[in-house]
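Residue-level structural notes
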Amino acid sequence: MHVMGGGDVGGAKTQIMNTVTGLARRNEVMLISFRAGPFADEARERGIDVRVIERHNPFRAARAMRDLVDQFQPDIIHCHGGRANLMGAMVRRTRRVPVLTTVHSDYKLDYLGNPFKQHTFGAANAVALRFLDFYQPVADRMARTLIERGFDPERIVKIYNGMDFHRPEGEFDRAQYLKETYGAEIQDGDVLCGIAARLTAVKDIATTVRAFAAALQDAPQLRLFIAGEGEDEEMLKRLCAQLHVTDRVTFCGWVLPVEPFFRAMDINLLSSVSETFPYSILEGVCAGCATICSDVGGMSELIDTGENGYIFPIGDYKKLSEYMVRLANDAELRQTFAQALYEKASRDFSKDKMCERQEANYRHLLARFHRPKDERESIVVCGAYGRGNAGDDAILEAIVQEMRALAPERTICVMSRRPQETRLTYRTGAVYTFNIFSILRRFRRAALYINGGGTLMQDVTSTRSIWYYCYTLRAAKKRGCKVMMYGCGIGPINRAGNRKMAAKTIQGSVDRITLRDENSRQELARMGVTRPDIRVSADPTIILDAAPYEVVSLAMEQSGIDPNGRYIGFGLRNWKGLDAALPAIAAAADYAYEKHGLTPVFVPIEFPSDLTPAERVGALLHCPWYAVRTRQPIEVTIGILARMKTVVGIRLHSLMFSAGQSVPVVGMSYDIKVDSFLKYIGSSTCLQLREVRADELCGLIDKCLSGALDEEVRRNAKLLREREHENVRGAAILLGIEEEKEEAEE
């Protein structure tokens, strides 16, 4: 059952219509509208069962909707917009049917520029949203906004707008169309920019006008056509007059149909301050326009800047102007962008794709909603998370990615030092690492507890940490969880009491252990641990891929690094013995530059602390050098390391990330875990940090760059990915998934 206000216009109207007509092909669909009019009539003409409830009193409207729910018996109620959300919240109280709402736009900005509606209808919608079961934001950025406002990430599923991508056929005389329809006369050589949007504050058309005025100085052939109506129209006309561009700007009013409008344009513009996944962009793509849009909603998921279009920062009219000039003066680039974006959009954002995602979302949410209340369903993940270390963050990202693929219907809760940040980044539940009472409550509902990744069982950095991790293992087991230590390292555990406690805990409370190296298995054997099922696998981060090429290039440019250069990477950290090694590291970096033409790039794994040793080495260098000085997403860090010809690392994950991307590595070991990893992959390019000498380090760099190790490096990367699967298999067995598959095959 789909529920809507009935006065929807623009992208929301198109999305709802496309959704209900697409779903009706294979499902029984009822559409409730709280207003008679064109939308309801069009849906009825398309064969949809439409019921109109025209009740101004919300309680009477809710009673009428409840009667229809009882009659239709829907599996799910799907709301669109403020009034529908209010009705859905009222009906939900007395009917056990899951209520989902699609968040088409930022509900706090829906009535921007109209204080009365903002504080009445907008406020009512904001309250109603809190009483619904599930939320379906259009594109990822709106999902992020909801999580930032306290919505549960486990109750959020994403959708993307879709449409039928059929290029218009037949001859089209745009000059005639524009003259007859809008009275605008164009000249040969004019480049036409179009924007189709409501003329309201949230669409920020003023930024488009300012950018257009600036662009005319370098591209006088530009013309601007504004399609839409709204309260900002007079203000925008005055702005055009102030900027002396009135004769180059045409206000078209409300445009219907919109296809010929976009067909007449060369460039499609969007300058909104808030959107989800605007149909005006997709319609322009379909018509063959090149695209420039503000950085809103899911546009970054559609447009790859510099490859198939341009995205500019919200309100930045200078950058918009720059992009307009670039496209206005390069017809071939306009065509290239338009074709590339059409191919991507028609492949990934079609109407059929949207309906497939919608049905998958329904199945997922229904399974969640109807799960027995007393069933153990969740997965709790514990580790050194929320501290800003890229290696630990990568471990968590890999575990979450693997658990979602393995058991998508299960919820995930992470024990984190920064739970809000974790919810936002990984879209999981999260509790503070030391909120013991909350953690114990989670254990009572959990099917699996993962003590996840890294070397948690060690007492070099702290005795308190090993006590804590042992306590959580015992507590999870006592409360009925299956317990797994996942892709981890063991040791060193130096104190006799700690060794005894860890051995007893692991022996009695852990069901399965996967280890990232053979040395860890040997350490467990020395501790007398025999009972859990122990397998050697690989670090979970091996499965992570680098970010797309252009994304990595942009990140490098922002750090002042030419993406097309030749580099040697360094992954350093502060540790005992580093002071003595600094001159040797600097000498090796200078050597790589002078002999091999490789410029040193320092890539921090723990930000910003890893920049300190980078600066100290940089102060000793005689060659140019760079450092990545802003915190980067894991995939971008991996992508930057993948651009290196070789990587010299103290940080274990600088070596792991690089090896996983088939980049030869040189290790400077400060801990047994570094030796263990390099030994595990069969690498001979390792020195002890306390014994680093410049000549030996230079020799290992020569060896890595000679090409003699290339085949071995590629083989090791493939082997690590294969072995890592043992982590997922172990979790599948404990969750009962692996056995189910085996029985099905039999």
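Our subject in this report is the structure included herewith. Worth saying up front: this structure is predicted, and the values here are computed from it rather than measured. (Residues numbered from 1 in each chain as written. Predicted model: local features only at pLDDT ≥ 70, side-chain atom pairs only at ≥ 80, totals over all residues. Heavy atoms only, no water.)

A tally of helices and strands in the protein chain yields 31 helices and 25 strands. Taken over the C-alpha trace, the protein chain has a radius of gyration of 29 Å; the compact-globule value for 746 residues is 27 Å, and the two agree within 12%. With the principal axes as the frame, the protein chain shows a C-alpha extent of 85 × 65 × 50 Å. By residue count, 58% of the 746 residues in the protein chain fall in the buried class. Sequence separation of 24 or more characterises 70% of the internal contacts of the protein chain that already satisfy a separation of 6 or more. (Helix = DSSP H or I, 4+ residues; strand = E, 2+ residues; numbered from the N terminus. Rg over C-alpha atoms; globule rule 2.2 N^0.38 Å. Buried < 20%, exposed > 50% of the residue type's maximum accessible area, 1.4 Å probe, protein only. Contact = heavy atoms within 4.5 Å.)

A word on the environment of G682. Along the chain, G682 falls in the loop between α28 (672-680) and β25 (686-688). Take G682: its relative accessible area is 49%, and that puts it in the partly exposed class. Considered as a pair, G682 and D610 are 72 residues apart in the sequence and their alpha carbons are 27 Å apart.

Quick look at the side chain of R516 now. Positionally, R516 belongs in the loop between β18 (512-515) and α22 (518-527). R516 gets classed as buried once you look at its relative accessible area, which sits at 4%. One polar contact links R516 to D539, side chain to side chain, over a distance of 2.9 Å. (Polar contact = N/O pair within 3.5 Å; in protein donor to acceptor, adjacent residues only side chain to side chain.)

Take helix α12 (residues 279-287) next. Among the 9 residues that make up α12, 8 are buried, leaving the element largely enclosed by the rest of the structure. Taken together, the buried positions of α12 are Y279, S280, I281, L282, G284, V285, C286 and A287. In the segment just after α12, G288 is the residue with positive phi, at about 95 degrees.

To continue, consider the side chain of T433. Secondary-structure assignment places T433 in the loop between β15 (429-432) and α19 (436-445). Under the relative-accessibility criterion, T433 is labelled buried at 5%. Other than its neighbours up to four places away in sequence, T433 contacts M415, S416, R417, I439 and Y468.

This brings us to unusual backbone geometry. Following L256, the chain continues into P257 via a peptide bond in cis, with omega recorded as 0 degrees. Residue placement: P257 occurs in the loop between β9 (249-253) and α11 (259-264). A cis amide bond links G491 to the next residue, P492, at an omega of 0 degrees. The backbone of H244 sits at a positive phi, close to 60 degrees, despite the residue not being glycine. By the element assignment, H244 lies in the loop between α10 (233-242) and β9. In this model, S662 sits at a positive phi of 65 degrees, which is unusual for a non-glycine residue.

With that settled, the discussion passes to the pattern of salt bridges. Summed over the entire model, instances satisfying the criterion amount to 45 salt bridges. Among the salt bridges present, the one from D49 reaches R51, with a minimum N-O distance of 2.9 Å. Residue classification places D49 among the partly exposed residues on the basis of a relative accessible area of 29%. The shortest N-O distance in the salt bridge between R651 and D610 comes to 3.0 Å. In this pair, R651 sits in the loop between β23 (646-649) and α27 (652-660) while D610 sits in the loop between β21 (599-602) and α25 (611-618), placing the two residues 41 residues apart along the sequence. (Salt bridge = Lys/Arg side-chain N within 4 Å of Asp/Glu carboxyl O.)

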